[in-house]
Amino acid sequence: MSSGLPTYYNADAVREVLTWPLVNKAVESALVAIVKEDHKMPSSSFAFQPKRTFTACGKEPGKILLTMPAYVGNYKLKSPRDPGEVEYTVACKLVTSFSGNPRRDLPLPSIQAHVLLFDYQTGQLSAIMEGTDLTTWRTVSASLVATKYLYFRRFGAQAEQERNINVAIVGCGVQGQLHAAAFCAHFRVRQLNLYNRTQAKAQDLAYQLRQKFSTESGTQINVCSSPNEACHDADIICIATYSKEPLINLASLKANQGVHINAVGAGENHFSEVAPDIYQRAKVYVDCYANAEAELVGLPAPITAEVGEIILDGNYPREAEISIFQSMGMASEDACVAQAVRYALSLPQRFPY
Ligand SMILES: NC(=O)C1=CN([C@@H]2O[C@H](COP(=O)(O)OP(=O)(O)OC[C@H]3O[C@@H](n4cnc5c(N)ncnc54)[C@H](OP(=O)(O)O)[C@@H]3O)[C@@H](O)[C@H]2O)C=CC1
Ligand SMILES: O=C(O)C1=NCCCC1
């Protein structure tokens, strides 16, 4: 940092280098780094990630500011750099969730973020990075990584390449849209069912995705008129809304067959979208215990493990089980992705990561 001023990375710059290999590697590193040391080799990556804070922005509900600090040490970006080189990242994301924003006269995203990056040796602020797309990508990536380990691996090491799946998306906002595209891009999706409260949004998304995936991979894309219709035949469900009431219950799911749910949404109230009877039947996994302790009070089931623990110990769910990835989002993911983005932008030439 020669000028003493932090570098600013705007949304266009960040977007230019966000790719799935880059984000997935960074997110998987973060999920592993936050696992407690007694599950790992002493030489492993590690993270310090305190509970994040929530500030209500006014007296009406639906407007919050979160501060999300993290230190991630001794981890690899797994970039084409020297494979021995490790990273140390100090970061803090500031993110607002204003759920009425898409309905403003000039619509804005509900979730808007910036990530601050600090020099890990001196503590100086070295960069400020626009973090709105980064947040969407890293959240979808956490669902992809969770699906790989909690769903596919129960059927064997090759299942994510070989197994045909039906996917349901409940909520086609910013999160639902990228979940839909990313699941079709990563896995063999036979049928993609889209549900959104305002159906026109699901129809628009179906139109866009059909251009790409119906011809390329033969995926059948349907717009559904209820969450039940979307989910009744689904192997994987991604649910990302602000609903305070359950949108799916046990009767919505395929009976006695393996189902995996990425429960992404509902803002502060993480588990209200999915009915208690599903939690009571499922194995529940989280991104991190630190946030879970504060944010999942009253969760109607015990937590089985962090996703990072399953990545490390291979203790996958059984084939016919229901698994839930209760995604809260965590600062270490933002720190690792922001570091990877900064690294990619520093290269003289872009390359497919
Ligand atoms: N776990 C994580 O790391 C993260 C979680 N999130 C969470 O994901 C969720 C979605 O975020 P995002 O996609 O950015 O938000 P958007 O505002 O873009 O989309 C919100 C979606 O929720 C739907 N919705 C809102 N209220 C209800 C309701 N009462 N019943 C049914 N559907 C409803 C909306 O439907 P309609 O179109 O009809 O309005 C829309 O499809 C939020 O809860 C957010 O907090 C976001 C980022 C990270
Ligand atoms: O991790 C995040 O970023 C968010 N998580 C929950 C809702 C707001 C954004």
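Residues numbered from 1 in each chain as written. Chains lettered and ligands numbered in written order. Predicted model: local features only at pLDDT ≥ 70, side-chain atom pairs only at ≥ 80, totals over all residues.

Trainee: Before we go on, may I ask you to explain the pairing of strand β10 (residues 220–223) in this structure?
Mentor: Remark: a regular strand shows side chains that alternate across the two faces of the sheet. Residues I221 and V223 of β10 are buried on one face, while the alternating residues Q220 and N222, pointing to the opposite face, are not. Relative to β10, strand β9 (residues 188–195) is paired through 4 bridges, and the arrangement is parallel. When the bridges of β10 are listed, L194 appears paired with V223. Regarding topology, helix α6 (residues 199–217) serves as the crossover connection from β9 to the parallel β10, and that connection is right-handed. (Buried ≥ 20, exposed ≤ 12 C-beta atoms within 10 Å, placed from the backbone. Helix = DSSP H or I, 4+ residues; strand = E, 2+ residues; numbered from the N terminus. Pairing = 2+ DSSP bridges. Right-handed = clockwise from strand over helix to strand, strands pointing away.)

Trainee: Is there a simple way to explain the pairing of strand β11 (residues 236–239) in this structure?
Mentor: Burial along β11 is two-sided: the face carrying I236 and C238 and the face carrying I237 and I239 are both buried. Alignment of strand β8 (residues 164–170) against β11, held across 4 bridges, turns out to be parallel. Within the sheet, the bridge partner assigned to I169 lies in β11 and is C238.

Trainee: In this structure, what is going on with the site of ligand 1? I would like to understand it.
Mentor: Around ligand 1 there are 27 residues in total, and G173, Q175, R197, G265 and G329 lie nearest to it. Both domains that furnish three or more residues to the shell around ligand 1 are identified here as domain 1 (7–135 + 332–346) and domain 2 (155–329). (Near = placed C-beta within 6 Å. Domains from an automatic or database assignment.)

Trainee: Looking at this model, I keep getting lost on the site of ligand 2. Mind explaining?
Mentor: Close to ligand 2 lie L66, V95, S97, I111, T135, G267 and G329, which account for all nearby residues. Of the residues belonging to the shell around ligand 2, the class tally is 3 nonpolar, 4 polar and no charged. (Nonpolar A, V, L, I, M, F, W, Y, C, P; charged D, E, K, R; others polar.)

Trainee: When you look at the confidence of the model for the chain in this model, what are you seeing that I'm missing?
Mentor: The predicted coordinates should not be examined in detail at positions where pLDDT is low. On average, residues of the chain score 94 in pLDDT, and 96% of them reach the 70 mark or higher. Predicted complex, confidence summary: ipTM 0.99, pTM 0.97. (pLDDT = per-residue confidence, 0-100.)

Trainee: Quick question: what am I supposed to make of the nonpolar core here?
Mentor: Side chains that are nonpolar tend, in soluble globular proteins, to be buried together. Formed by 104 residues in total, the largest nonpolar core has its most connected members in V170, L194, I237, I239 and Y285. At 9 residues, helix α3 (residues 132–150) tops the list of elements feeding residues into this core. Counting residues domain by domain, this core receives three or more from each of domain 1 (7–135 + 332–346) and domain 2 (155–329). In this structure I239 touches V170, G171, L247, I248, I261, A263, V264, G265, E273 and V274, once residues within four positions along its chain are discounted. (Core = buried A, V, L, I, M, F, W, Y, C linked by C-beta atoms within 7 Å. Contact = placed C-beta atoms within 7 Å.)

Trainee: Looking at this model, I keep getting lost on the domain arrangement of the chain. Mind explaining?
Mentor: Often the size quoted for an interface is simply the accessible area lost on bringing the parts together. As assigned here, the chain comprises domain 1 (7–135 + 332–346) and domain 2 (155–329). A separation of 23 Å is found between the C-alpha centroids of domain 1 and domain 2. Taken residue by residue, the interface counts 21 residues in domain 1 and 19 residues in domain 2. Ranked by the residues each element gives to the side of domain 1 that touches domain 2, the list is headed by helix α2 (residues 20–33), at 4 residues. Taken together, the residues that form the side of domain 1 that touches domain 2 break down as 11 nonpolar, 5 polar and 5 charged.

Trainee: So what exactly am I meant to see when it comes to the sheet that holds strand β15 (residues 322–326) here?
Mentor: Sheet strands pair by backbone hydrogen bonding; their relative direction is either parallel or antiparallel. The 8 strands are arranged β10-β9-β8-β11-β12-β15-β13-β14 in an open sheet whose pairing can be described as parallel. Both edges of this open sheet fall to β10 and β14 (303–306), since each of them pairs with a single strand only. Taking the axes of each pair of neighbouring strands and ignoring which way they run, one obtains an average angle of 20° across the sheet. The strands touched by helix α5 (residues 174–186) are β8, β9 and β11; relative to β9, the strand with the most contacts, the crossing angle is about 165°. (Axes fitted to C-alpha atoms, helices over the stretch in contact; angles between N-to-C directions.)

Trainee: Got a minute to help me understand the environment of F325 in this structure?
Mentor: Tracing the backbone through its elements, the reader meets F325 in strand β15. The exposure class of F325 is buried, given the 23 C-beta atoms found within 10 Å. For the pair formed by F325 and A146, sequence separation is 179 residues and the distance between their alpha carbons is 6.6 Å. For F325, the residues in contact, after removing those within four places along its chain, are S143, A146, L150, N262, A263, Y285 and V307.

Trainee: Please clarify how α2 should be interpreted in this entry.
Mentor: For α2, spanning 14 residues, the distance from its first C-alpha to its last is 19 Å, which sits close to the expected 20 Å at 1.5 Å a residue. With 12 of 14 residues buried, α2 is to be regarded as a mostly interior element. All of the buried residues along α2 are L22, V23, N24, K25, A26, V27, E28, S29, A30, L31, V32 and A33. Along its buried surface, α2 packs onto α1 (11–17), β2 (46–48), β4 (63–75), α3, α10 (307–313) and α11 (331–346). (Expected span 1.5 Å × (residues − 1).)

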